[in-house]
Amino acid sequence: MALKLRSPMPDLSGATEWLNGNEISKENLVGDKPTLFHFWSVSCGLCKEAMPNINEFRDKYADKLNVIAIHMPRSEKDTDLEQIKQVAEEHGISQLIAVDNAHKITDAFENEYVPAYYVFDAEGQLRHFQAGGSGMKMLTKRVNRVLGIKEE
């Protein structure tokens, strides 16, 4: 069962590795600006297909939105750090990546899916959750709402 709407942001401790920057905590994020977490895996084709959209959020809203990738392995093979780094590079994932090989963050979010997206407002309340490959339009709508951007 995934987190319920308006749930507080879970703890981010327990990652086996942080790529593209230093470890951050929920305290670094709450009170700052909204945050989009996206769960992905090197063995997930839908995750790779969605990556350009996520990277677009990251670049377009760099000053308004935190974008954090959480790598959730789906099998033992997915825990290979070199492979994770390579796939991240191939798909332009330059945002902070929490490598969650022990599933500590995954469990804190009660997440079962890749890709999965969690949008938290600046106060750290969950405003939107979705899983699966479709629905970028819906995710864009929710991110815009949290950022206070009017739809055209």
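Look above for the structure.
Notes on the structure in this doc start here. (Residues numbered from 1 in each chain as written. Predicted model: local features only at pLDDT ≥ 70, side-chain atom pairs only at ≥ 80, totals over all residues. Heavy atoms only, no water.)

Before going further, it helps to spend a moment on the environment of Asp100. Along the chain, Asp100 turns up in the loop between β4 (97-99) and α4 (104-108). Taking the C-alpha atoms as reference points, Asp100 and Met72, 28 residues apart in sequence, are found 5.5 Å from one another. Not counting residues within four places of it along the chain, the set of residues in contact with Asp100 comprises Gly14, Thr16, Ile70, His71, Pro73, Ile105 and Thr106. (Helix = DSSP H or I, 4+ residues; strand = E, 2+ residues; numbered from the N terminus. Contact = heavy atoms within 4.5 Å.)

With that settled, the discussion passes to the sheet that holds strand β3 (residues 66-71). With mixed pairing, six strands are arranged side by side in an open sheet as β1-β4-β3-β2-β5-β6. Across the chains shown, the open sheet's two edge strands, defined by having one partner strand only, are β1 (17-19) and β6 (126-131). With direction set aside, neighbouring strand axes in the sheet form an average angle of 20°. Alignment of β1 against β4, held across three bridges, turns out to be antiparallel. By the bridge assignment, Trp18 is partnered in β4 with Ala98. (Pairing = 2+ DSSP bridges. Axes fitted to C-alpha atoms, helices over the stretch in contact; angles between N-to-C directions.)

For β3, a buried count of six out of six residues is recorded, marking the element as mostly surrounded by other parts of the structure. Neither face of β3 is left uncovered, since the one carrying Asn66, Ile68 and Ile70 and the one carrying Val67, Ala69 and His71 both have all their residues buried. Note that strand β2 (residues 35-40) and β3 share six bridges and pair parallel. The residue of β3 that forms the bridge with His38 is Ala69. Handedness of the crossover joining β2 and β3 through helix α2 (residues 45-60) is recorded here as right-handed. (Buried < 20%, exposed > 50% of the residue type's maximum accessible area, 1.4 Å probe, protein only. Right-handed = clockwise from strand over helix to strand, strands pointing away.)

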